[in-house]
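In case you want the letters, here they are:
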Amino acid sequence: MADTALVLGGGGLTAYAWQVGMLAGLADAGLDLGGADVLAGTSAGSLLAVELATGAAPADLYGEQVSRTRAMLEVDFTLTMTAKYLWAALGTRDPETMVKRLARLALTVRDVSESDVFDAIGPQLPVQHWPERPVRLFAVDALTGEPKGFSADSGVDLVRAMSASCALPPLFPPITIGEGRWMDGGVRSTTNADLVHDCRRVVVLAPIPKGPGAGLSTSDQVAALVAGGARAALLVPDRAARRAFGRNPLEASRIPGAAREGLRQAAEHAEQIRAVWHG
């Protein structure tokens, strides 16, 4: 059983920036969450998990976000795509059925190839091979609905695993790994925090605590971790941070503001996190 885990959620460019700000602020308070025994991520959180595992300092990542010196992947998630996603997500109150509906949507993507996804995601990574430190990248099999945390022990290369974790329908098609077709883990949960139940102390950053529709609630997942004996804390954006995010999580101009809000919020939660991480 691992001791500490840092779980990083999905939600686009502003989600990534807010989490970077939060980690930088906590580091300023003497809390190096990037040193967790397990770094786990979903979608945008997967990229951050890999960066931390390769030794990136939160302060440096924060500087990149505030100054916009780093070009983040910008995609055009159109209104039509949004409508299709919401139609699938909101058409049921059952989480498993919702995942099946989103899986069907994912499997309809024909105008983008898996190679196109690799070409888009690969350059975002700081390395092309799994880091030595334990990382889990969450994705969901569109054929079975089962979630999985891909790691260095999964027998799949890092770019393919990262692409699967970021394969949001209907923007990208599912990624073929083994006999499965894997899509963004965010279709099931924005954090998949319940999948680190083997860790004793867990901090979860959830820029979007719950996705649309019947998706699993991160607060419920964290409560389940605590009920199972773990010490866990959940950090989510407050009202000011949500305003900084704006309505479009892929709007690059919102990145600096989201990062600054994360840094601000970190000071308010440092003692709470210290109690979990070192208590």
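Just so it is clear, the structure is predicted and the values come from calculations on it, not from any experiment.

The next point concerns the overall build of the chain. Along its length, the chain carries 10 helices and 8 strands. The C-alpha radius of gyration computed for the chain amounts to 17 Å, which stays within 12% of the reference 19 Å derived for 279 residues, consistent with globular compactness. If you line up the chain on its principal axes, its C-alpha atoms span 50 × 40 × 35 Å. Within the span of the chain, comprising 279 residues, buried residues form 54% of the whole. In the chain, 77% of the contacts between residues at least 6 apart in sequence involve partners at least 24 apart. As presented, the chain carries roughly 11,900 Å² of accessible surface, and 52% of it is formed by carbon and sulfur atoms. Across the chain, 26 positive and 30 negative side-chain charges occur, with their mean positions spaced 7 Å apart.

Inspection of the entire model under this criterion finds 1 aromatic pair. When the centroid spacing of 5.0 Å and the interplanar angle of 80° are considered together, the rings of F150 and W182 count as edge-to-face. With F150 in strand β4 (residues 147-150) and W182 in strand β6 (residues 180-184), this residue pair connects regions lying 32 residues apart in the sequence. The residue whose ring lies beneath R101 is W87, and the NZ or CZ to ring-centre distance is 4.3 Å.

Look at the link from P169 to P170: it is a cis peptide, with omega at -5°. Summarising the element assignment, P170 is placed in the loop between α7 (158-165) and β5 (175-177). Unlike most non-glycine residues, S43 shows phi in positive territory, near 55°. Along the polypeptide, S43 turns up in the loop between β2 (38-42) and α2 (44-53). Here S43 falls in the buried class, since its relative accessible area comes to 13%. Unlike most non-glycine residues, R68 shows phi in positive territory, near 60°.

Let's shift gears to the UniProt feature "domain: PNPLA" (unreviewed entry) in the chain. The UniProt record marks residues 7-200 with the feature "domain: PNPLA" (unreviewed entry), using the residue numbering of this structure. This span, residues 7-200, is 40% helix and 14% strand, and a straight line between its end C-alpha atoms measures 13 Å.

Direction of pairing for strand β7 (residues 199-205) relative to strand β8 (residues 231-235): parallel, over a ladder of 5 bridges. When the sheet's bridge partners are listed, V202 is paired in β8 with A232. In the classification by handedness, the crossover that spans β7, the intervening helix α8 (residues 218-227) and the parallel β8 is right-handed.

Quick look at the UniProt feature "active site" (unreviewed entry) in the chain now. Residues annotated by UniProt as "active site" (unreviewed entry) correspond here to S43 and D184. For the residues just named, distributed over 142 residues, the greatest C-alpha separation is only 6.1 Å, placing them together at one site. Among the annotated residues just listed, those that line the largest pocket are S43 and D184. On the secondary structure map, D184 appears in strand β6. Residue class for D184 comes out buried when judged on its relative accessible area of 3%.

What counts, and where the lines are drawn
- Residues numbered from 1 in each chain as written.
- Predicted model: local features only at pLDDT ≥ 70, side-chain atom pairs only at ≥ 80, totals over all residues.
- Heavy atoms only, no water.
- Helix = DSSP H or I, 4+ residues; strand = E, 2+ residues; numbered from the N terminus.
- Rg over C-alpha atoms; globule rule 2.2 N^0.38 Å.
- Buried < 20%, exposed > 50% of the residue type's maximum accessible area, 1.4 Å probe, protein only.
- Contact = heavy atoms within 4.5 Å.
- Areas by Shrake-Rupley, 256 points an atom, 1.4 Å probe, with all protein chains shown as cover.
- Lys, Arg positive; Asp, Glu negative; His and termini not counted.
- Charge placed at Lys NZ, Arg CZ, Asp CG, Glu CD.
- Phe/Tyr/Trp six-rings, centres within 6.5 Å; stacked < 30°, edge-to-face > 60°.
- Lys NZ or Arg CZ within 6 Å of the ring centre and 35° of its normal.
- UniProt positions renumbered as here; feature names shortened; annotations may be inferred.
- Pairing = 2+ DSSP bridges.
- Right-handed = clockwise from strand over helix to strand, strands pointing away.
- 1 Å grid on protein atoms, 1.4 Å probe; cavity = no way out; pocket = protein on both sides within 12 Å on 5 of 7 lines; lining within 4 Å.

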